[in-house]
Amino acid sequence: MKVWHFSEMAYPQAWDEGYERGTFRVTVPNSLYDPKMGADVYHRHYDEFQLCDELGINIMLNEHHSTLTCTNAAVTVSGSILARITKNVRILLLGSPIANRPDPVRVAEEMAMIDVISRGRLEMGLVKGAPYEIAPANMNPARLMDRFWEAHDLILKAMSTHDGPFNWESENYHYRQVNIWPRPWQQPHPPVWITALSPNSGRAIAERRHVAAALLSGGIASGMFNAYRERAAEQGWAAPNDRFAYCVLVGVGNTEEEGRRRADQVAGYVRTSPIVSEPFKNPPGYNPVPANVAMLKAGPTQSVARVQTVDGRTIDPTKATVQEFMDARTVFAGTPDQVFEQIKTFNEEVGGFGNLIIMGQGGTLSYDETCANLKLFADEVMPRLKEIKMPENRFGEMAERNAAAGAAD
Amino acid sequence: MSLATTRVDISGVSIDLLESGDGPAMLYLHGGRGHFGFEPFLEELAKTHRVIAPWLPGFGHSELPRSYTTIDDLAFFGLDLLEAMDLRDTALVGAGFGGWVAAEMAIRSTERLRSLTLIDALGVKFGDHLVREIADIHAMYPDEVNKTLYSDPDRFRLRTEGMSDDDLTALVRLGEAEVLFGWKPYMHNPKLRHWLHRINVPTLVAWGEKDAMVSTEYGRQYAAAIPGARFEIVDGAGHYPGLERPLETATLVSDFAGQGV
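Residues numbered from 1 in each chain as written. Chains lettered and ligands numbered in written order. Predicted model: local features only at pLDDT ≥ 70, side-chain atom pairs only at ≥ 80, totals over all residues. Heavy atoms only, no water.

## Examining a nonpolar patch on the surface
Residue and element names in this part refer to chain A. Basically, it comes down to this: Within this analysis, patches are made of residues with over 30% relative accessible area and no salt bridge. Like charges are joined at 9 Å or less; nonpolar side chains (Val, Leu, Ile, Met, Phe, Trp, Tyr) at 5 Å or less. Accessible surface area values rest on a Shrake-Rupley calculation with a 1.4 Å probe, where residue burial reflects the displayed protein chains alone. Note on definitions: salt bridges are taken to be side-chain nitrogens of Lys or Arg within 4 Å of carboxyl oxygens of Asp or Glu. Comment: elements are numbered from the N terminus, with helices defined as DSSP H or I runs of at least four residues and strands as E runs of at least two. Under the scheme applied here, a residue whose accessible area is under 20% of the maximum for its type counts as buried, over 50% as exposed, and between as partly exposed, the area being computed with a 1.4 Å probe on protein chains only.
A surface patch of nonpolar side chains, amounting to about 200 Å² of accessible area, comprises V77, I81 and I85. If you trace the backbone, I81 turns up in helix 3 (residues 75-85). By relative accessible area, I81 is classed as partly exposed at 31%.

## Overview of the packing of aromatic side chains
The condition that has to hold: Think of it this way: a Phe, Tyr or Trp ring, Trp meaning its six-membered ring, pairs with another when their centres are within 6.5 Å, and the plane angle makes it stacked under 30 degrees, edge-to-face over 60, tilted otherwise. Here, a charge over a ring means that NZ of Lys or CZ of Arg falls within 6 Å of the ring centre while also lying within 35 degrees of the ring normal.
This structure, assessed with the given rule, holds 24 aromatic pairs over all chains. Ring geometry for F126 of chain B against Y218 of chain B: centres 5.3 Å apart, planes inclined by 75°, an arrangement best described as edge-to-face. Taken together, the positions of F126 of chain B in the loop between strand 6 (113-119) and helix 4 (142-149) and Y218 of chain B in helix 7 (residues 216-225) put the pair 92 residues apart, joining distant regions of the chain. Neither F126 of chain B nor Y218 of chain B differs from the other in exposure class; each is buried. Ring-pair connections join several aromatic residues into one group, and the members of that group are F225, Y228, W237 and F244 of chain A. Directly above the ring of W149 of chain A sits R208 of chain A, whose terminal nitrogen or CZ lies 3.6 Å from the centroid.

## Some details on the pairing of strand 8 (residues 230-234) of chain B
Residue and element names in this part refer to chain B. The line we're drawing: Whether two strands pair comes down to DSSP finding at least two bridges between them. When the strands point away from the viewer, a crossover counts as right-handed if the path from the first strand over the helix to the second runs clockwise.
Inspection of the sheet shows strand 7 (residues 203-208) paired to strand 8 by five bridges, in the parallel sense. Residue pairing in the sheet places V205 in a bridge with F231 of strand 8. For the crossover from strand 7 across helix 7 to strand 8, the handedness is right-handed.

## Description of the state of the cysteines
Our working rule: Working definition: a disulfide is two cysteine sulfur atoms within 2.5 Å of each other.
Evaluation of the coordinates by the stated rule reveals zero disulfides over all chains. Note on C247 of chain A: no disulfide assigned, nearest cysteine sulfur contributed by C70 of chain A at a separation of 12 Å.

What follows is the structure, encoded as structure tokens:
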């Protein structure tokens, strides 16, 4: 099991204002952002990622826009800095919201640069982006996924074409001379990751054999991973566990109390991230028609999307306790032994997964506390992960049957 | 005389179409709320005209062809509809978003039109880049949206409680289609203003006095950009005069369309 560390590089200095306005996104004026403090935020996180490089924890970055919960506004900017200042670990950018970026060829070039600068350490995440990212990008929410898959195809073709320019004239993108320099270090292209919530998305990712990542909800992970495994089996291959990633908040301490206290601070991320004013939560076209019909029938929308615990309770992520988050598999917390056991249990629950993305920093967890959290995880939890036995792929036989049938055709 | 809905095929696109009345043809193009709540208005119009009111492609339960991406597609669809139904000397009436479609049709061809009526129409940008003339309802809470669209939101806002799945689906598809055609540029075509001079049939621009989606000032500029167009205010109405003042609006529209018949 590979381990990754992730932080959103939040700006908690302005969170009181976010609470007061009832939103942490889109409309909060940036007069509340002090660039001097902002520089400190970036530098400390880059230092934490350098520590990861020494500890052997891989790095994950994401991006959001117009928000105080994530000041990493361009995944490729921080990615390129880390490509140069780290030496060992892999760098996962999860990801570039490609349906919101007008120029996929530029995305391919930037990613290729990072892959070369890092000497082949890039993992390339391509994401749909949250609904509230539509307003800052002002891209059309209708037919967004059509644009997503088209951009995906174009990026991979740009990265893997080496015999001069090709033509791409389609509904969404128009180029006559696609010929990126540099080309990526990894051939044919860096590994592709996609985040997903629904089983349908899991199936679409399986068809392309990319890594599927689930975030912060055990329920979402098991449904989506299952759908991926099944779709892979239908197509005659058994999806290995390295195709699955799960991102979870982690607080580990020398005592249970210390681990939970750290987790409580990291959870500042999940407690603020969903607070978005209603107009930006669900632009028309972003969700499929039946899903929107179901939401209308459910009546006035809840102010915040709820999270399910494994035993079926519903929790409000803006107010949940560490224990409630643990019950939803949003948080792993406690002593190294306890955290290890939680990872093991979760692995059973989702049928196995090969990439554990820990959010070892979030909310108000300080630099020193973050370093202590990461070190303890690297020293006491990571070495034991190889002990974890992977469950058998329940679609393994189906995959074999279909592979044999395919071979016979 | 009452509205009947039929399923028709217009140049390969299957759509729902409301029809009622006898007399000279009137093609009515709906706004962002579709035909929900506009029955009294349409029935009033049908007293003097043969009213044909399609659900535009992608709206309601009408099919949305994959190739449809911009307002041009709806304009050409509208012209195809006039031809397919062999409508001549047609009074073309468009409200809100449908007003935009009607204007886009009229700059392309007025061959089958006898007149054009735009009611609180969208589609044009007059001000400079820092001025937002069309309210951004996608940045508003539902209460604000209702205050923007209606002079009397309590009475006229759309209520989804108790709506059938069929109607809810129609409603969701309305919102999605309007976004597909009108997200960026927002509810307008930067080119349209420069071609309005081509409209060569009698034109009425009617505007809800209390429209906060697009102001009466915007309406006056719209009228001024169309040769010889007349401008009229509908007292007390918001963005949907046909909904909030059905009789007054229908009388205004019918009288104008009937002139010189």
